[in-house]
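# Chains, contacts and geometry: an overview
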Amino acid sequence: MNWVSELIDLYEKNTDQVGVVAYKGEVPYVLLPPFHTTVTAQIEVTIDAKGAFLHAKAVDLNDKFTIIPVTEKSGSRTAGKEPHPLCDNLRYLAGDYSVYCKDDGVCNELYMEQLKKWAESDISHEKVRAIYTYLKKKCLIKDLVEQKVIVLDDNGQINEKESIQGIAQTKAFVRFIVRSASEELYQENPDECWKDRSLQECYIQYVRSQEGEKGLCYLTGNMEPISYLHSKKIRNEGDGAKLISANDSQNFTYRGRFTSREEAFAVGNETSQKLHNALKWIIRKQGTSFDTLTLVTWESDLLQMPAWNVDTDTIETEYEMQDDWEDDWDDNEPVFDGNEITANKFYQALRGYGKKVYHTSFMILLGFDAATPGRLAMVENQTLDTARYLKNIEKWHESCGWIHEKWKDKKRIQFYGMVGVKDVADILFGIEDKGRLTIVDANGKKLYAEVAKRLLPCIWNGTKIPYDYVSRAVQKASSPLCYKDRKNWERVLSLACSLVKKYRNEENEQEDWNVALDRNETDRNYLYGRLLAVANRIEEHYYYIGGETDGARITNAKRYMTAFSQRPFDTWKVIEESIQPYLNKHKISNQVYYGKLLDEIYNLFDMNSFKNNQKLDGLYLLGFHSQDYDFRTKKEYADKKNEEE
């Protein structure tokens, strides 16, 4: 299936969701009926079924989202005079607009002429007739002034300095409530025009009855009325970029190739409506934006799948929220590396998702970016077997598996796995702002899109991690003095360990590094990392015993870490000498313990490799972190309580 068929199929499978407003957080979204769009309304006018005015008010700030019918031209209007069929701004609706504001009245004439055709047609609706009857009276502004919704100036004109919810009064958008005369009809259909499915279906039938000559739709191969004005608001409600557009007939669009736009491209009107509406709906429902880049994925059978760009903990949490998650675990538990924090819930989640997958199902990925404000490009278009997708998600989080921290419910938690794509961008390219690593530069936000583009193939298709990201992470993790908050540096260190672990496994599949300390590893880089962690622990332990907050003081190990990564043999001599005063102040049992541990590490070195002063690779960070993590988790090591005893 191509992307058009996939979107139309998505629309058809979700017809029960058409017109139903849902929320992603506090942001509303909806699968629109054909020939409809969404707007933000500022004024709400209530009339009865006979067109008599009842009252008006400003729209509730939490209920501005409004579905309205549109014509082919009004749905794409920018500065032209193209009225919407039913709800519009005051300039179109108010017959007395020119009395209160300088205007030629053309917009109202066009609107009323169009509304009259619908109201008097065989395919009309009681709400349409009621609105037409009311607006024929040309008293909308007068009624709004009396209801104190519109404010006039001293000259009796609409006060241009006043606004309604940030919108100039003259440009305020109006929607209608038509109180039904029948209680039974009210129970069946709501009075609010933007919620009435019978009104929406009525307009769809009306548009179809007005359709003219049919042509060949190049996307589906069907014969249907052709449209050359296509939808905007694709990535978000304020998005003016169009995916399909051809309006440059005066210049070089067709010269030398086609004589008209019909020869270049033709899309059926209803096909365009369905594919654009499905795309907008799925993007708002589960899409992700990185600056101007928007990526969205969905499963062909509409099954809930783990997102490709989130961290391991989020995948676990979202799966646990499902009612049947506990039934998806059995006795065949995966083998873990012995850490206190393991990924058992992650594997449990993936296994649960996998049980629901059919052999014919697949994942769809679409990506969109805008080079200019008016043109939207499809930059990603992939399909992948759902089982393979889950396997690749597992591979990504497993191959990058390390201990990470994040804020969750206002608490800092640890989890085993991999951080999300946005976190990777913040850690690699962000700076400390209000205590956290984030990209704060407006132009720098393009880095989010760049990181997403670079990591997408690694997660989605299982390709190799970009080495420049690995190198950058190692460089930043080797510079702890660049961070005011120790926790921020630890986030960088954890990410560096994840990326180094994955990179080395890609280069040599036999290398499978774990957080659990490997006491038999003889690699020079790993051992030097362990030595640095021991030196850091000796000094930190001394500060901790003395009552200072753990990590509040910068240890010599961290102070010399950058130099140590470049010239380990020479720098270790300096660090070793600097920790002796702290080691001597420990009690005898601790001195013996740390001395034996250092000797244990020395004995694993080959003498030539120990004296080798060449630059360390990223593996030394894994040795450092594993040794440090072992210190912090093993009960047999000396702690403050033992010191006090």
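Scroll up to find the structure.
In this report, the structure presented in the accompanying data block is examined. (Residues numbered from 1 in each chain as written. Predicted model: local features only at pLDDT ≥ 70, side-chain atom pairs only at ≥ 80, totals over all residues. Heavy atoms only, no water.)

## Topic: the sheet that holds strand 17 (residues 375-385)
Taken in spatial order, the four strands line up as 14-15-16-17 in an open sheet, and their pairing is antiparallel. Lying at the two open borders of the sheet, with one neighbouring strand each, are strand 14 (288-290) and strand 17. When the angles between neighbouring strand axes are averaged without regard to direction, this sheet yields 20 degrees. Sheet topology places strand 16 (residues 362-372) next to strand 17; nine bridges connect them, and they run antiparallel. Bridge assignment links Leu366 to a residue of strand 17, and that residue is Asn381. Along the sheet, helix 1 (residues 3-13) makes contact with strand 15 (293-299), strand 16 and strand 17, crossing strand 16 at roughly 110 degrees. Against the sheet, helix 15 (residues 446-460) makes contact with strand 14, strand 15, strand 16 and strand 17, and its axis sits at roughly 30 degrees relative to strand 15, the strand it touches most. (Pairing = 2+ DSSP bridges. Helix = DSSP H or I, 4+ residues; strand = E, 2+ residues; numbered from the N terminus. Axes fitted to C-alpha atoms, helices over the stretch in contact; angles between N-to-C directions. Contact = heavy atoms within 4.5 Å.)

## Looking at empty space enclosed by the protein
In the structure shown here, the tally under the stated rule is four cavities of 30 Å³ or more. Taken as a whole, the largest cavity holds about 90 Å³ of empty space. Mapped onto the lining of the largest cavity, the elements with two or more residues apiece are strand 2 (27-30), strand 3 (36-40) and helix 10 (269-286). Of the residues forming the lining of the largest cavity, the biggest block, four residues, is contributed by helix 10. Here the lining of the largest cavity is composed, by residue class, of six nonpolar, three polar and four charged. Quantified by volume, the second largest cavity comes out at close to 70 Å³. What lines the second largest cavity is simply His36, Ile67, Ile68, Pro69, Leu86, Cys87, Cys193, Trp194, Leu199, Gln200 and Tyr203. When contributions to the lining of the second largest cavity are tallied by element, the ones reaching two or more residues are strand 6 (65-69) and helix 8 (197-210). Partitioning the lining of the second largest cavity into residue classes produces nine nonpolar, two polar and no charged. (1 Å grid on protein atoms, 1.4 Å probe; cavity = no way out; pocket = protein on both sides within 12 Å on 5 of 7 lines; lining within 4 Å. Points joined across faces, edges and corners; volume = space filled by probe spheres on them. Nonpolar A, V, L, I, M, F, W, Y, C, P; charged D, E, K, R; others polar.)

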